[in-house]
Amino acid sequence: MLGAILLLSNKGTMFHRILGSTWVLAMALSALSSFWFGGGVLPLLGHFGPIHLLSLWVLVALVVAVSAILKGRVEQHRSGMIGAYLGLVGAFIGTLAPGRWFAVQLGIW
């Protein structure tokens, strides 16, 4: 929800900067922590699966977006943040796949 609020809110405000910094930190910690979890039903290499590719995507997008805004490249920042958000959405959809812990807990599969 925080990412959606940020994408829809006015840009450049103090609210956007504070909430954006919080979101970047939360996303980075979430993506980094995913490397300690197994790949689930589709392991690609060892315990790494498709979810880890999305985590890598998110980390790269965050680095690109934060460095872009620090250099005043607003359009590149916007693209990087949208890319990170899409990676988050993709990861969430992946948690609903058959056999995934979250999907099982929700009783979907």
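One can find the structure itself at the top, above this paragraph.
Residues take numbers from 1 onward in each chain, read along the sequence in its written order. Per-residue local features of the predicted model are confined to residues with pLDDT of at least 70, and side-chain atom pairs are confined, for both listing and counting, to 80 or more; whole-chain, interface and lining totals are unaffected and use all residues. Each side-chain value is derived from all of the structure's non-hydrogen atoms; neither hydrogens nor water enter the calculation.

As a further point, take the overall build of the protein chain. What the protein chain contains, in helices and strands, is five helices and zero strands. Under the scheme used here, helices are H or I runs from DSSP no shorter than 4 residues and strands are E runs no shorter than 2 residues, and both carry numbers assigned from the N terminus. Each helix and strand of the protein chain, ordered N terminal to C terminal, gives the series α-α-α-α-α. In terms of its C-alpha atoms, the protein chain occupies a principal-axis envelope of roughly 45 × 30 × 20 Å. Restricting the contact set of the protein chain to residue pairs at least 6 apart, pairs at least 24 apart contribute 38%. Looking at the protein chain as shown, the accessible area adds up to about 7200 Å², and 76% of this sits on carbon and sulfur atoms. Contact between two residues is taken to exist if any of their heavy atoms lie within 4.5 Å; hydrogens are not considered. Here, Shrake-Rupley sampling with a 1.4 Å probe gives the accessible areas, and only protein chains in the shown set may cover a residue.

All right, on to the layout of surface pockets then. Grid points spaced at 1 Å and placed over the protein atoms alone form the basis of the search, with a cavity being a set where a 1.4 Å probe fits but cannot get out and a pocket an open set showing protein on both sides within 12 Å along at least five of seven lines. Lining residues have an atom within 4 Å of a point. Grid points are joined across faces, edges and corners, and a volume is the space filled by probe spheres set on the points. Of the volumes computed, that of the largest pocket is approximately 550 Å³. What lines the largest pocket is a set of 19 residues, and nearest its centre among them are His-16, Gly-20, Ile-69, His-77 and Met-81. If you list the elements that add at least two residues to the lining of the largest pocket, you get helix H1 (2-8), helix H2 (14-33), helix H3 (50-70) and helix H4 (74-95). Only Asp, Glu, Lys and Arg are considered charged, only Ala, Val, Leu, Ile, Met, Phe, Trp, Tyr, Cys and Pro nonpolar, and every remaining residue, Gly among them, polar. Split into classes, the residues belonging to the lining of the largest pocket amount to 10 nonpolar, six polar and three charged. In this structure, the second largest pocket occupies an estimated 440 Å³ of space.

Relative to the elements of secondary structure, His-16 occurs in helix H2. Setting aside residues up to four positions removed in sequence, His-16 forms contacts with Leu-6, Ser-9, Asn-10 and Lys-11.

For helices, the axis comes from a line fit to the C-alpha atoms of the stretch in contact; other axes are also lines fit to C-alpha atoms, and the angle between any two N-to-C directions lies between 0 and 180 degrees. It is the contact of H2 with H3, at a shortest axis distance of 9 Å, that shows an interaxial angle of 150°. The angle between the axes of H2 and H3 places the two elements in the roughly antiparallel class. With respect to the hand of their crossing, H2 and H3 are arranged in left-handed fashion. Contacts from Trp-23, Val-24, Met-27, Ala-28, Ala-31 and Leu-32 in H2 reach Ser-55, Val-58, Leu-59, Leu-62 and Val-66 in H3. Any angle that falls under 35 degrees is termed roughly parallel, while one over 145 is termed roughly antiparallel, one within 65 to 115 roughly perpendicular, and all others oblique. Handedness of a helix crossing follows the sense of rotation of the near helix relative to the far helix, less than a right angle counterclockwise being left-handed and clockwise being right-handed.

In this structure, Trp-23, Val-24, Met-27, Val-58, Leu-62, Met-81 and Ala-84 are the most contacted members of the largest nonpolar core, which totals 13 residues. Taken together, the elements giving at least two residues each to this core come down to H2, H3 and H4. Once residues within four sequence positions are removed from consideration, Met-27 is found in contact with Val-58, Leu-62, Ala-84 and Leu-88. Put simply, a nonpolar core is a bunch of buried Ala, Val, Leu, Ile, Met, Phe, Trp, Tyr and Cys residues held in one set by side-chain atoms that sit within 4.5 Å of each other. Whether a residue is buried, partly exposed or exposed follows from its accessible area with a 1.4 Å probe, protein chains only, as a fraction of its type maximum: under 20%, in between, or over 50%, in that order.

Only Phe, Tyr and Trp rings are paired, with Trp represented by its six-membered ring, and only when their centres lie within 6.5 Å; those with planes under 30 degrees apart are stacked, over 60 edge-to-face, the remainder tilted. Throughout the structure, instances matching the rule amount to one aromatic pair. Ring geometry for Phe-92 versus Phe-102: centroids 6.3 Å apart, planes at 65°, classification edge-to-face. Of this pair, Phe-92 sits in helix H4 while Phe-102 sits in helix H5 (residues 101-106), placing them 10 residues apart in sequence. A relative accessible area of 45% places Phe-92 in the partly exposed class.

Before going further, it helps to examine H2. The end-to-end C-alpha separation of H2 is 29 Å, in line with the 28 Å expected for 20 residues at 1.5 Å each. By the burial criterion, the buried members of H2 are His-16, Leu-19, Gly-20, Trp-23, Val-24, Met-27 and Ala-31. All buried residues of H2 fall inside an arc of 145° around its axis, so they share one side. Summarising the geometry of H2, the exposed residues directed more than 90 degrees from the buried face are Met-14, Arg-17, Ile-18, Leu-25 and Leu-29. What a helix is expected to span follows from its residue count: subtract one and scale by 1.5 Å. Here, the arc refers to the directions that run from the helix axis to the C-beta atoms.

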